[in-house]
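# Survey of secondary and tertiary structure
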Amino acid sequence: MKKILEIYNNAKGPVYSFEFFPPKTDEGEGKLTETLRELSRLQPGYITVTYGAGGSTRDKTIRLTSDLAKQFDLPAAAHFTCVGGNREEIRSILGEIYSSGIRNLMALRGDPPKGQGEFQKAEGGFGHASELISFIKSEGFDFCIGGACYPEKHPQARSLEEDVDNLKKKVDAGASYLVSQLFFKNEIFESFLGLVRKKGISVPVIPGIMPITSFSQIERFRAMAACEFPEELLSDLEEVRNRPEEFYRRSLNFSVRQCRELLSLGSPGIHLYTLNQSHASYDIVRELEN
Ligand SMILES: Cc1cc2nc3c(=O)[nH]c(=O)nc-3n(C[C@H](O)[C@H](O)[C@H](O)COP(=O)(O)OP(=O)(O)OC[C@H]3O[C@@H](n4cnc5c(N)ncnc54)[C@H](O)[C@@H]3O)c2cc1C
């Protein structure tokens, strides 16, 4: 399986990648296969499959990443978190991932399972993604390792500066590329990237983009204070919140403009949070390729 860093290093144009989550039901898995059948027509650089909070999808994540990669002949990354696992358990899961043929890993600290409050380091486990990444390297697993980054800072970090200092530890430990949390203001990403480079982080940083599919999705993000939205986008979309076709057209235009600008600023690719739906991600990439 191709390594993701090689894909970025050898790319002749923007690399588009798609993120999926493991569905709960067999029916959902069937739909996911259909989604990927559609998206694979765009010849994405690679796909990724998330790891459920608290490791709840462990077996499914490994199986789906491996099966979808083979079925669609695409490089793939399994996401993996260190929530709840000690070294022995983590070593054993890494072994399973490796044996299934997967060679790319998005290595994360993870969030605690719902209702558990703050992240608790497991006894004999790891407290940060950088520690997990050092462990993966020290155990000799030949994965290409990606890490997460946060243009609007990780919610637990006291400042963006401190968060980027911690990000440097993650890269120094062995993360070969970084994928960002979703964001809607390019100026925030640009200034984050400036800080990242100033701190001596030189690996590819890939913007993570989530297509906007409904106004309630925006309201949810705003309630969580997860990210800033451009005022103009908000008023444009609010105006048509009950007109699905026009809503779709406007949100698609916004995402395409956002991605075009990011690519023109030098982003090596776009990572799309598909939410297991093909429509919006397909249309965004198709527009960008035109
Ligand atoms: C692209 C992407 C994919 C994701 N996929 C998943 C997924 O599949 N499953 C899932 O459960 N979650 C996923 N998440 C969410 C992620 O697990 C959470 O955001 C989690 O809270 C942090 O994980 P991390 O790997 O970024 O942690 P870390 O890099 O460990 O950072 C967490 C916090 O600790 C601080 N920190 C880091 N290192 C140090 C250090 N050495 N010393 C002191 N402080 C430090 C950081 O500043 C930050 O505030 C994803 C996030 C992104 C952006």
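Below is a short write-up of the structure. Model, not experiment: these values are computed from the prediction.

### Things to note about the pattern of salt bridges
With the rule as written, the count across this model stands at 21 salt bridges. Taking the shortest distance from any N to any O, the salt bridge between Arg41 and Glu38 comes out at 3.3 Å. A salt bridge links Arg250 to Glu246, with the shortest nitrogen-to-oxygen separation between them at 2.9 Å. One end of the pair is Arg250 and the other is Glu246, both in helix H10 (residues 244-264) and four residues apart, which spans about a single turn.

### Concerning helix H8 (residues 215-223)
Turn by turn, an α-helix covers 3.6 residues, leaving residues three or four places apart pointing in a common direction. All of the buried residues in H8 are Phe215, Gln217, Ile218 and Phe221. Each buried residue of H8 lies within a common arc of 155° when the element is viewed along its axis, so the set occupies one face. Projecting away from the buried face of H8 at angles above 90 degrees are the exposed residues Arg220 and Ala223. Immediately downstream of H8, the backbone of Ala225 shows phi near 50°, a positive value.

### A look at the site of the ligand
Near the ligand, the surroundings consist of 23 residues, among which Tyr51, Asp111, Tyr150, Asp163 and Lys170 are the closest. Within the backbone of Tyr51, an N or O atom sits 2.6 Å from a nitrogen atom of the ligand. Mapped by element, the contributors of at least two residues to the shell around the ligand are strand S3 (76-81), helix H5 (129-138), helix H6 (160-173) and strand S6 (177-182). Tallying contributions element by element places H6 first for the shell around the ligand, with four residues. For the shell around the ligand, a count of residues per class yields eight nonpolar, 10 polar and five charged.

The rules we used
All residue numbers here refer to positions counted from 1 along the written sequence of the relevant chain. Where local features are concerned, this predicted model is filtered to residues with pLDDT of at least 70; where side-chain atom pairs are given and counted, the filter is 80 or more; whole-chain, interface and lining totals use all residues. To get the side-chain values, all heavy atoms of the structure are used, and hydrogens and water are removed first. Think of a salt bridge as a Lys or Arg side-chain nitrogen and an Asp or Glu carboxyl oxygen that are within 4 Å of each other. We count a stretch as a helix when DSSP gives it H or I for four or more residues in a row; a strand needs E for two or more, and each element gets its number in order from the N terminus. Partly exposed residues are those whose accessible area sits between 20% and 50% of the maximum for their type, while under 20% is buried and over 50% is exposed, using a 1.4 Å probe and protein chains only. This arc corresponds to the set of directions leading from the helix axis out to the C-beta atoms. Throughout, near means a residue has at least one heavy atom within 4 Å of the molecule or strand. In the analysis that follows, any N or O atom pair within 3.5 Å is treated as a polar contact, provided that within protein one partner can donate a hydrogen and the other can accept it, and provided that, for residues neighboring in sequence, both atoms belong to side chains. When residue character is reported, Ala, Val, Leu, Ile, Met, Phe, Trp, Tyr, Cys and Pro are called nonpolar, Asp, Glu, Lys and Arg charged, and the others, Gly included, polar.

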